[in-house]
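Here is how the chains run, residue by residue.
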Amino acid sequence: MDDSYRTTSPATASTADLVSTAAAQISTLVRDELALAKAELTEKGKRAGIGGGLFGAAAVLAWFGIGLLITLAVVALDLVWPLWLAVLTVMVVVFAAAGAAALIGKKELAKAGPLIPEQAVAGVESDLQTVKNAAQRGRHTS
């Protein structure tokens, strides 16, 4: 960066020199702030990636745990029923739970409505209408 603005005191500098100095300083400030934001977001992104990976690992382990729980139910029922009946009973219960979850999920998705940011769209339409009205008023007053 050109440091020639430092050779002239602010009291004797021209307006153009002062504006040029201010623009250079603002540019440097913005670049430094962007670099700081980038560094901060990089660090937060790394932490979010690690956290997301650990949540993924937890989900996989929970999935295996559910499988083992279902296996335990079959083994426990096998103590009193034939194996085929124990497997059949647990399978029917698992499919019934899956069906119930699917029905509840379908109802929740229907409640969500269309995935359009309706308030944001309405705000943009309102802003456009305001600009159009202002432009028409400006034409009529000219």
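Please read all numbers here as calculations on a predicted model, not as lab measurements. (Residues numbered from 1 in each chain as written. Predicted model: local features only at pLDDT ≥ 70, side-chain atom pairs only at ≥ 80, totals over all residues. Heavy atoms only, no water.)

1. Regarding the overall build of the protein chain
Stated formally: Each helix is a run of H or I in the DSSP string that is no shorter than four residues. Each strand is a run of E no shorter than two, and both are numbered from the N terminus. For a compact globule the rule gives 2.2 Å times the number of residues to the power 0.38, and the radius of gyration it is set against comes from C-alpha atoms. Partly exposed residues are those whose accessible area sits between 20% and 50% of the maximum for their type, while under 20% is buried and over 50% is exposed, using a 1.4 Å probe and protein chains only. Where accessible areas are quoted, they stem from the Shrake-Rupley method and a 1.4 Å probe; at the residue level, only the protein chains shown are allowed to cover.
Summing up its helical and strand segments, the protein chain has 3 helices and 0 strands in all. Along the chain direction, N to C, the helices and strands of the protein chain fall in the order α-α-α. Taking 14 Å as the expected radius of gyration for a compact globule of 142 residues, we find that the protein chain reaches 33 Å, considerably beyond that expectation. Over its C-alpha atoms, taken along the principal directions, the protein chain stretches across nearly 100 × 50 × 15 Å. In the protein chain, which comprises 142 residues, the proportion classed as buried is 4%. If you sum the accessible surface of the protein chain, you get close to 12,000 Å²; carbon and sulfur atoms cover 71% of it.

2. Re the pattern of salt bridges
As a reminder of what qualifies: What counts as a salt bridge is simple: a side-chain nitrogen of Lys or Arg found within 4 Å of a carboxyl oxygen of Asp or Glu.
Summed over the entire model, instances satisfying the criterion amount to 3 salt bridges. For K44, the salt bridge goes to E40, with nearest N and O atoms at 3.2 Å. On the criterion of helical spacing, the pair formed by K44 and E40 is a turn pair, its members being 4 residues apart in helix α1 (residues 15–78).

3. So, helix α2 (residues 83–112)
Condition: By this rule the span expected of a helix is its residue count minus one, scaled by 1.5 Å.
Over its 30 residues, α2 runs 43 Å from end to end, which matches the ideal 44 Å to within 8%, given 1.5 Å per residue. Just beyond α2, the residue with positive phi is G113, at close to 75 degrees.

4. So, the environment of V92
Looking at the element boundaries, V92 is found in helix α2. Residue class for V92 comes out partly exposed when judged on its relative accessible area of 48%. For V92 and V80, which are 12 residues apart along the polypeptide, the C-alpha to C-alpha distance reads 18 Å.

5. Section: a nonpolar patch on the surface
Threshold: For patch detection, residues must exceed 30% relative accessible area and be free of salt bridges, and they are connected within 9 Å for like charges or within 5 Å for nonpolar side chains (Val, Leu, Ile, Met, Phe, Trp, Tyr).
On the surface, a cluster of nonpolar side chains totalling about 720 Å² of accessible area is made up of V60, L61, W63, F64, I66, I70 and V94. Considering each element in turn, the nonpolar patch owes the most residues, 6 residues, to α1. We classify I70 as partly exposed; its relative accessible area is 31%.

6. Here's the deal with the environment of A100
Structurally, A100 can be placed in helix α2. A relative accessible area of 38% places A100 in the partly exposed class. A100 sits 49 residues away from G51 along the chain, and the two C-alpha atoms are 31 Å apart.

7. Remarks on the packing of α1 against α2
The condition is simple: Orientation is described by lines fitted to C-alpha atoms, with helices fitted over the stretch in contact, and by angles between N-to-C directions that extend from 0 to 180 degrees. Roughly parallel refers to an angle under 35 degrees, roughly antiparallel to one over 145, roughly perpendicular to one between 65 and 115, and oblique to any angle outside these ranges. Should the near helix be turned anticlockwise from the far one by less than a right angle, the crossing is termed left-handed; should it be turned clockwise, right-handed. Any pair of residues with heavy atoms lying within 4.5 Å of one another is described as a contacting pair.
Packing of α1 against α2 brings their axes to within 8 Å, and their N-to-C directions diverge by 140 degrees. Taken together, the axes of α1 and α2 are oblique relative to one another. α2 is crossed by α1, and the crossing has right-handed handedness. Residue-level contacts link I70, A73, V74, L77 and D78 of α1 to L83, A86, V87, T89, V90 and V94 of α2.

8. Points about the confidence of the model for the protein chain
Low pLDDT means the predicted coordinates in that region are not meant to be read closely. Counted only if it meets this: One number per residue, pLDDT, summarises how confident the predictor is, and it ranges from 0 to 100.
On average, residues of the protein chain carry a pLDDT of 88, and 92% of them reach 70 or more. Helix α3 (residues 118–141) is the least confidently modelled element of the protein chain, averaging 81 in pLDDT, while α2 averages 96, the highest of any element.

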